[in-house]
Amino acid sequence: MFIEALLFSASVTLPTILMLLLGIALRRKKMIDDHFCEVASKLVFNIALPALLFVNVVKEPTDYSSQIWLVGAGVIGTLIIYFGGELLALRFIDDRAYRGIFVQGLFRANSGILGLALCINAYGSPAVAPASVYTACITLLFNVLAVITLTNSLSDGKLSVIKIIKSILKNPLIIAIVLGIILSKLEVAIPKTVIRTGDYLANIALPLALICAGASLNFKQLKLLKQSDKKALKISRIVIIASIGRLLIAPLLMVILGKFVFDLPAMSIGILFLISSTPVAAASYAMVRHFGGDATASANLIALTNLGSMFTTSLGIVILKQLGWM
């Protein structure tokens, strides 16, 4: 059963890993460079990812009120992880510029791509509606919290509430989700040509983001035993601890909340686990780079959690299946 679960998880996560490897190979062949990654990341953050989120919301109109307890568990769990991460970062991370990267790495799962795929593969069509509702709501929260933590971490001087609000209102990802929900609720008919154009843009979002993330990977930074640079050593530890929190602590917390606090049915607990067990979202790399943070550290987080999630997700599936909680 473990082998089957491992193969199931690998079938979803392996394409992402291969795209990261492609980015590494293209960088080594000097087919892409830092300038390409910078320009491509702007395209992903401002155009492609918003198109992906907008199209997903508009094409899958669902009843958001019917999944209130599932969404509630996800929101509360995400907030616990976020505030806990902020406290840990404030206490243990001296370099302020890496606090936001650490916190975002803890709470921001790849819900929109890998999470939905895992849920549909596990439960089929019955999971489409609840997983889509959950993903739409939680992705909006992810983006709001990401803007807050990155603005706080990478801004000069004291944190400005007005600056955070402006950043949230101007964030292309948040605008795309809210606009999609409004049009979906109003049942506005979107022309097929617009949807098809959105699909074209959406289709390049994840691959391009992952290629840029792969091109920015720095595995030397992760070799702790051979690392002599104290700053690089600290960055490596931040990346590894955030990866552990993303792959182990976050899914465990979500399952506990779903089972013992909200008393959710098995499929809802499974959705919570599958989405929260996914690696760090590729969008986190684009946002860190957009805010002027250490994109390499963010890319390393994506790489480590993608590799690790193949095993942690499979193990979690086996355990939850045996307990009858999934």
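Residues numbered from 1 in each chain as written. Predicted model: local features only at pLDDT ≥ 70, side-chain atom pairs only at ≥ 80, totals over all residues. Heavy atoms only, no water.

Threshold: UniProt positions are given in the numbering used here, feature names are shortened, and annotations may be inferred rather than shown by experiment.
Going by what an unreviewed UniProt entry lists, the protein is known as AEC family transporter and is assigned to Actinobacillus indolicus. UniProt lists a comment for the protein under the heading Subcellular location (unreviewed entry), and it reads "Cell membrane".

### Some thoughts on the environment of Ile-271
Note the cut-off: Helix and strand assignments come from DSSP, with helices taken as H or I runs of at least 4 residues and strands as E runs of at least 2, each series counted from the N terminus. Contacts were defined at the residue level, with two residues in contact if any of their heavy atoms lie within 4.5 Å.
Note on placement: Ile-271 falls in helix 11 (residues 266-276). C-alpha separation for the pair Ile-271 and Leu-49, spaced 222 residues apart in sequence, amounts to 23 Å. Beyond its immediate chain neighbours, meaning those up to four positions away, Ile-271 contacts Leu-70, Cys-119, Tyr-123, Pro-130 and Ala-131.

### Considerations on the packing of aromatic side chains
How we decide: Working definition: a ring pair exists when centres of Phe, Tyr or Trp rings (six-membered ring for Trp) sit within 6.5 Å. Plane angles under 30 degrees give stacked, over 60 give edge-to-face, the rest tilted. Throughout this description, buried means an accessible area under 20% of the type-specific maximum (1.4 Å probe, protein chains only), exposed means over 50%, and partly exposed covers the range between.
A full pass over the atoms with the stated rule returns five aromatic pairs. For the pair Trp-69 and Phe-262, a centre-to-centre distance of 6.3 Å together with 55 degrees between the ring planes defines the contact as tilted. Here Trp-69, found in helix 3 (residues 68-92), pairs with Phe-262, found in the loop between helix 10 (230-261) and helix 11; they are 193 residues apart in sequence, far enough to count as distant. Under the relative-accessibility criterion, Trp-69 is labelled exposed at 58%. Ring centres of Phe-260 and Trp-325 lie 5.6 Å apart, and the angle between their planes is 85 degrees; on these two criteria the pair is classed as edge-to-face. Taken together, the residues span a long stretch of sequence, with Phe-260 in helix 10 and Trp-325 in the segment after helix 13 (295-323) at a distance of 65 residues. Among the residues examined, Phe-260 registers a relative accessible area of 57% and is labelled exposed.

### Some points on unusual backbone geometry
With a phi angle near 55 degrees, Glu-187 is a residue other than glycine that sits in the positive phi range. Tracing the backbone shows Glu-187 in the loop between helix 8 (172-185) and helix 9 (192-215). Of note, the phi angle at Asp-263 is positive, near 50 degrees, even though the residue is not glycine. Of note, Asp-263 is situated in the loop between helix 10 and helix 11. Given a relative accessible area of 59%, Asp-263 falls into the exposed group.

### Side note on the nonpolar core
The following threshold applies: Definition used in this section: a nonpolar core is a set of buried Ala, Val, Leu, Ile, Met, Phe, Trp, Tyr and Cys residues joined via side-chain atoms within 4.5 Å.
One finds Phe-102, Phe-107, Leu-274 and Tyr-285 to be the most contacted residues of the largest nonpolar core, which totals 86 residues. For this core, the element with the most residues is helix 9, which contributes 10 residues. Ignoring anything within four residues of it in the chain, the contact list for Phe-102 reads Gly-85, Leu-88, Ala-89, Ile-93, Ile-238, Ile-241 and Ala-242.

### Points about the pattern of salt bridges
Formally: Salt-bridge detection follows one rule: a side-chain nitrogen of Lys or Arg within 4 Å of a carboxyl oxygen of Asp or Glu.
A full pass over the atoms with the stated rule returns one salt bridge. Salt-bridge contacts for Asp-34 lead to Arg-27; the nearest nitrogen and oxygen are separated by 3.2 Å. Taking relative accessible area as the criterion, Arg-27 reaches 30% and is therefore assigned partly exposed.

### Some words on the side chain of Thr-78
Position of Thr-78 relative to the elements: it lies in helix 3. When near neighbours in sequence (up to four residues on either side) are disregarded, Thr-78 contacts Phe-107, Ile-138, Leu-141, Phe-142, Leu-145 and Met-254.

### Observations concerning the confidence of the model for the protein
Threshold: Known as pLDDT, the predictor's per-residue confidence is scaled from 0 to 100.
The share of residues in the protein with pLDDT of 70 or more is 90%, and the mean pLDDT across the chain is 84. Mean pLDDT values over the elements of the protein span from 74, in helix 7 (residues 161-170), up to 95, in helix 3.

### Points about the packing of helix 6 (residues 128-154) against helix 11
Definition in use: Angles shown run from 0 to 180 degrees and are taken between the N-to-C directions of axes, each axis being a line fitted to C-alpha atoms and, for helices, limited to the stretch in contact. Every angle not falling under 35 degrees, over 145, or within 65 to 115 is termed oblique; those three ranges are roughly parallel, roughly antiparallel and roughly perpendicular. Left-handed describes a crossing whose near helix is turned anticlockwise from the far helix through less than a right angle; right-handed describes the clockwise counterpart.
For the pair helix 6 and helix 11, interaxial distance at closest approach is 11 Å and the crossing angle is 45 degrees. By the angle between their directions, the pair helix 6 and helix 11 is classed as oblique. Helix-helix and strand crossings are classified by hand; for helix 6 and helix 11 the assignment is right-handed. Between helix 6 and helix 11, the contacting residues are Pro-130, Ala-131, Tyr-134 and Thr-135 on the first element and Met-267, Ile-271, Leu-272 and Ile-275 on the second.

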